[in-house]
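One letter stands for each residue in the lines below.
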Number of protein chains: 2
Amino acid sequence: MEPTSSPTADAASATASGPAAPRPPAPSAGASQGRRRAPRMNGDDRERAILEGAERLLEERPLHEVSVDDLARAAGISRSSFYFYFASKEAVLLSLLDRVAAEAGARRTAALAGVTEASPGAYRAAIAAFHETFRAHRAVTLAAADARASSPEIRAQWSRVMDGWVAETAAVIEAERARGSAPPGVPAHDLAAALNLMNERVLYAAFAGESPAPAGDVVEALVAVWHGAIHGAPAPAPLPR
Amino acid sequence: MEPTSSPTADAASATASGPAAPRPPAPSAGASQGRRRAPRMNGDDRERAILEGAERLLEERPLHEVSVDDLARAAGISRSSFYFYFASKEAVLLSLLDRVAAEAGARRTAALAGVTEASPGAYRAAIAAFHETFRAHRAVTLAAADARASSPEIRAQWSRVMDGWVAETAAVIEAERARGSAPPGVPAHDLAAALNLMNERVLYAAFAGESPAPAGDVVEALVAVWHGAIHGAPAPAPLPR
DNA sequence: GATTTCGTCAACAGTGCGTCGACAACGCGG
DNA sequence: CCGCGTTGTCGACGCACTGTTGACGAAATC
């Protein structure tokens, strides 16, 4: 019965901007734009307190076991005050995810900047970057992955991040193929999507301690698959059924 | 607080047995054990009605948007009567998942029975079987994947199914390696885990219509990765960092 | 016909969510 | 100093959903 389109539909702008909090229309929208020095210590860093408290809580239990009350209490305010800053606990997670998204973008760029053209180990760097991003914010990424199921906003944001990785990976694959160091085969985008989704799932399983997961070095297993899939022999004929 | 080993720890037996409903202790424990013929038409197939209604509902919306009341109503009983049959809506999904687990096992066995030893296309059959299992119960598997985040029982059952696939895959990989038609590399189990997790995630993305997903033939993309990862050249030296 | 078992339900209590209106502190222009 | 809008806070409400209890009927059993 819940209206599908939440009032916080401006989540698109959330890509890297501030949190999608329902702040009342900024009154100081005039010249105080560059203002960073807080004339007061209240207000703006309460938001930060919520974010930090949330990240801390998510390190010990999943989002669906954290109530808005917990979040508010962790930030030292009452439950109803919480809603002054965020529309829901999903909005908090989304805001947290925004930071990760930004960092993921930066790390990806940095990782692939080292390899000028299409050196043989470009995707190796990509895997390492992916792994680092995931690990650096384990709690947030794990929680976001869980919340994808119930929150369209988080799902969309996650997709945005993954799409970036996939596009970057596909570019590398195509460069390798152009160099002749990788055989042609299925569309590079499809291959890149499959490999990145594998990374996501395997890293999740590993960090969450799930049952079917590589027992040894996770990154090595991933690199092996990537290398084989990209540089290995082309797949055999599709077998007439 | 939930004890890790749920009282329904016989979930292993649940592979094909009845649902883990909180039915009151069987009073007719005496000689009526073999009784199958229902003297009345009520009771036992109400359970089926719930299951069927649930599967139908899950085809149109995710589990977290289905209330116990919806489930009960779909089966033609009141909400409180529902609890006579199942402890929660997760229990219903778990029961549904049990069937899929049984079918998955059967299909896996059948798929790998065709290939006596380690014929070159054994894992291809595995992928097809996986894909079919997933597709045949799309609603249930999608819902189960979502519910994994919040329900330990479902997570455990899912793990059990995946573990089966992984073990079977690992056996095939080792056979291929023994034959000399696949090079050595990372542990077969790790490789098998990564590949099966990829399948799960990619199929989920494809069936759910998510954004980063192969655009073309999904199965072909998966086969390409499997083939390359198993039969491709061994990964290069791990690069001293 | 009395009793047990099966199945059903209305009603209750609990939890969490999101919203509303009152209310305090602050800054500011008079 | 005083009104006055703004910023931030909170208690209390209504709502949706969950899981449990106790009472009630209808078969079956003796």
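Our subject is the structure listed above.
Everything quoted here is computed from the prediction, not taken from an experiment. (Residues numbered from 1 in each chain as written. Chains lettered and ligands numbered in written order. Predicted model: local features only at pLDDT ≥ 70, side-chain atom pairs only at ≥ 80, totals over all residues. Heavy atoms only, no water.)

Asks: Explain the overall build of chain A here, please?
Replies: Along the backbone of chain A there are 9 helices and 0 strands. Mapped in sequence order, the helices and strands of chain A form the string α-α-α-α-α-α-α-α-α. Taken over 241 residues, chain A has a buried fraction of 48%. In chain A, 70% of the contacts between residues at least 6 apart in sequence involve partners at least 24 apart. (Helix = DSSP H or I, 4+ residues; strand = E, 2+ residues; numbered from the N terminus. Buried < 20%, exposed > 50% of the residue type's maximum accessible area, 1.4 Å probe, protein only. Contact = heavy atoms within 4.5 Å.)

Asks: Help me understand the interface of chain A and chain B, please; the structure alone is not making it clear to me.
Replies: Note: interface size is frequently given as the accessible area lost on complex formation between the parts. Of the residues lining the interface, 47 residues belong to chain A; the matching set on chain B comes to 47 residues. For the pairing of chain A and chain B, the buried interface totals around 3,800 Å² over both sides, and the portion due to carbon and sulfur atoms is 68%. Contact with chain B buries area across many residues of chain A, yet A:Leu197, A:Arg201 and A:Pro212 alone supply 17% of it, more than any other trio. At the junction of chain A with chain B, the criterion picks out 2 salt bridges. In this structure, A:Arg201 engages B:Glu200 in a salt bridge whose closest nitrogen and oxygen atoms are separated by 2.7 Å. Applying the counting rule to chain A against chain B returns 8 residue pairs in polar contact (both at pLDDT 80 or more). Mapped onto the side of chain A that touches chain B, the elements with two or more residues apiece are helix H7 (152–179), helix H8 (188–208) and helix H9 (218–231) of chain A. Per element, the largest residue contribution to the side of chain A that touches chain B is 12 residues, and it comes from H8(A). Considered class by class, the residues forming the side of chain A that touches chain B number 27 nonpolar, 9 polar and 11 charged. (Buried area = accessible area lost by both parts, 1.4 Å probe. Salt bridge = Lys/Arg side-chain N within 4 Å of Asp/Glu carboxyl O. Polar contact = N/O pair within 3.5 Å; in protein donor to acceptor, adjacent residues only side chain to side chain. Nonpolar A, V, L, I, M, F, W, Y, C, P; charged D, E, K, R; others polar.)

Asks: What exactly am I supposed to notice about the environment of A:Met198 here?
Replies: On the secondary structure map, A:Met198 appears in helix H8. Of the residues examined, A:Met198 reaches a relative accessible area of 0% and is grouped as buried. Not counting the four nearest positions on each side in its chain, A:Met198 is found in contact with A:Leu222, A:Val225, A:Trp226, B:Ala194 and B:Met198.

Asks: Sorry if this is basic, but what is going on with the relation of the copies chain A and chain B here?
Replies: Each of the two copies of the chain can be brought onto the other by a rotation about an axis and a shift along it. In the superposition of chain A on chain B (RMSD 0.1 Å, axial shift 0.0 Å), the rotation amounts to 180°. The superposition operator between the copies reduces to a two-fold rotation axis. In this assembly the copies share their binding face: 100% of the residues contributing to the interface of chain A also contribute to that of chain B. (Least-squares fit on C-alpha atoms with pLDDT ≥ 70 in both.)

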